[in-house]
Amino acid sequence: MPLAMTSPKRDEDLFSESTMTFGEHLDELRVVLFKAVIALFIGTCVGMFVGKYAVAIIKAPLEKALQEYYQESSLEQFSEFEEAWKKLDKPVPYTVEQVNDLLYKQQMIFEIQYIHPVLIRQALGLEKAGAKVAADKQSLEPILYWHPIDQDKRISILALGVSEMFSIWLKASLVTGLILSSPFVLYYLWSFVAAGLYRHERRYIHIFLPFSLGLFFAGVLLAYWFVFGPVLSFLFSFNRSMGIDPDPRISEWLGFVLLLPIGFGVSFQLPLVMLFLERIGIITVEMYTAQWKIAVLVIFVISSILTPADPYSLLLMAIPLTGLYFGGVQLCKLMPRRGTGIDPEAISG
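What counts, and where the lines are drawn
- Residues numbered from 1 in each chain as written.
- Predicted model: local features only at pLDDT ≥ 70, side-chain atom pairs only at ≥ 80, totals over all residues.
- Heavy atoms only, no water.
- Helix = DSSP H or I, 4+ residues; strand = E, 2+ residues; numbered from the N terminus.
- Areas by Shrake-Rupley, 256 points an atom, 1.4 Å probe, with all protein chains shown as cover.
- Patch = residues over 30% accessible without salt bridge, like charges linked within 9 Å, V, L, I, M, F, W, Y side chains within 5 Å.
- Salt bridge = Lys/Arg side-chain N within 4 Å of Asp/Glu carboxyl O.
- Buried < 20%, exposed > 50% of the residue type's maximum accessible area, 1.4 Å probe, protein only.
- Expected span 1.5 Å × (residues − 1).
- Axes fitted to C-alpha atoms, helices over the stretch in contact; angles between N-to-C directions.
- Parallel < 35°, antiparallel > 145°, perpendicular 65-115°, else oblique.
- Left-handed = near helix turned anticlockwise from the far one by under 90°.
- Contact = heavy atoms within 4.5 Å.
- Nonpolar A, V, L, I, M, F, W, Y, C, P; charged D, E, K, R; others polar.
- Phe/Tyr/Trp six-rings, centres within 6.5 Å; stacked < 30°, edge-to-face > 60°.
- Core = buried A, V, L, I, M, F, W, Y, C linked by side-chain atoms within 4.5 Å.

Topic: the overall build of the protein
A tally of regular secondary structure across the protein gives 11 helices and four strands. When the accessible surface of the protein is split by element, carbon and sulfur atoms take 67% of a total near 20,600 Å².

In structure tokens, the structure reads:
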């Protein structure tokens, strides 16, 4: 009984099982992009109603990094305070443990002020008011002026321009809209991709979509929760080493916020893109495996472009992407492309 072998599908047969021509696929692309823009517009409109809260979420990592910066700076200043009191041959009014408790547990922060001890005794009623006080530097003693850390103006983020906050509110609404509309945008894009696949392959789109959403949000959350903190601490460490306190503007920070999470979310689509390219026959699993060194190099180069000029954000993007690359290779092996094999219906007696 002769066995009829199915011939492999050629790349030029990509649309052979589709009812649409190449021109109709371009029209479909325009429709998909229009739907994606509409979804983004609706998401942005919703984002405008919660723009105030979005701005609070966006600036939270920066305020936390500033708070940690000034807490550490206060500990360094306390060492200077101790030295000043020791020169006066007086016991230091605070211990390091008490300062740590006030800074980190009770969320207080101090500034060093200098005042004449006579004025303190007069304020406490221990000495007659109105006595003359010598106005010289040597007579002044340092004291710690404590206040709640959330009332420290140094931790407040500045907006210098008159219209700057309005622009920030719009951009925050856009970021919120992009996140809210991402399920619909990804659905429209994958639906367009499905039109170019064979009929038996289109079922994979139902698998791609939830994974695509999961990878996108995983990238965004990774950037927000695990990247912003180390990157800001690294950058602020240079301020401390140079003796220059940071004074960030929220507009500058917003540009950083816009680029990094979206870059993480989009780049985390790598395994699905690899699988799609393998499914349509552009790249094979063997090519992925053989060229892994070049792929890792490209990942590091792209990560250096999408992240600020610091090693932490580069590594925090490149290392997960490298893992996702090898995960994409395994995904291609688990879902091999159909192209050759025995057609059971072609068996004749």
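Now that the structure is up, let's keep going.
Remarks on a nonpolar patch on the surface
A contiguous nonpolar patch, built from Phe34, Ile38, Phe41, Ile42, Val46 and Leu180 and spanning about 590 Å² of accessible area, is present on the exposed surface. For the nonpolar patch, the leading source of residues is helix 1 (residues 22–49), giving five residues. Here Ile38 is to be found in helix 1. By relative accessible area, Ile38 is classed as partly exposed at 36%.

Some points on helix 11 (residues 311–334)
When the terminal C-alpha atoms of helix 11 are compared, their 34 Å separation across 24 residues agrees well with the 34 Å that a helix rising 1.5 Å per residue should span. Every buried residue of helix 11 is accounted for by Ser313, Met317, Ala318, Leu321, Thr322, Leu324, Tyr325, Gly328, Val329 and Cys332.

Topic: the packing of helix 7 (residues 250–267) against helix 11
Interhelical geometry of helix 7 versus helix 11 gives an angle of 15 degrees and a closest axis separation of 11 Å. If you check the angle between helix 7 and helix 11, you find them roughly parallel. The handedness of the crossing between helix 7 and helix 11 comes out as right-handed. From helix 7, Gly263, Phe264 and Ser267 reach across to helix 11, where they touch Ser313, Leu316, Met317 and Leu321. Counted by class, the contact of helix 7 with helix 11 contains four nonpolar, three polar and no charged residues.

A look at the packing of aromatic side chains
This structure, assessed with the given rule, holds 16 aromatic pairs. With a centroid separation of 5.8 Å and 65 degrees between ring planes, the pair formed by Tyr69 and Phe236 is classed as edge-to-face. Placement of the pair is Tyr69 in helix 2 (residues 51–87) and Phe236 in helix 6 (residues 205–242), with a sequence separation of 167 residues. Of the two residues, Tyr69 and Phe236, neither departs from the other in class, the shared state being buried. These aromatic residues form a ring-pair network of at least three members: Tyr288, Trp292, Tyr325 and Phe326.

So, the nonpolar core
The biggest cluster of nonpolar side chains holds 62 residues, and the ones touching the most others in it are Trp253 and Phe264. Ranked by residue count, the leading element in this core is helix 6, at 13 residues. Those residues in contact with Phe264 that sit more than four places away from it in its chain are Gly219, Val220, Leu222, Ala223, Val227, Thr307, Ser313, Leu316 and Met317.

A short note on unusual backbone geometry
A positive phi angle, close to 55 degrees, is found at Gln107, a residue other than glycine. Looking at where Gln107 falls in the secondary structure, it is placed in the loop between helix 3 (96–105) and strand 2 (108–115).

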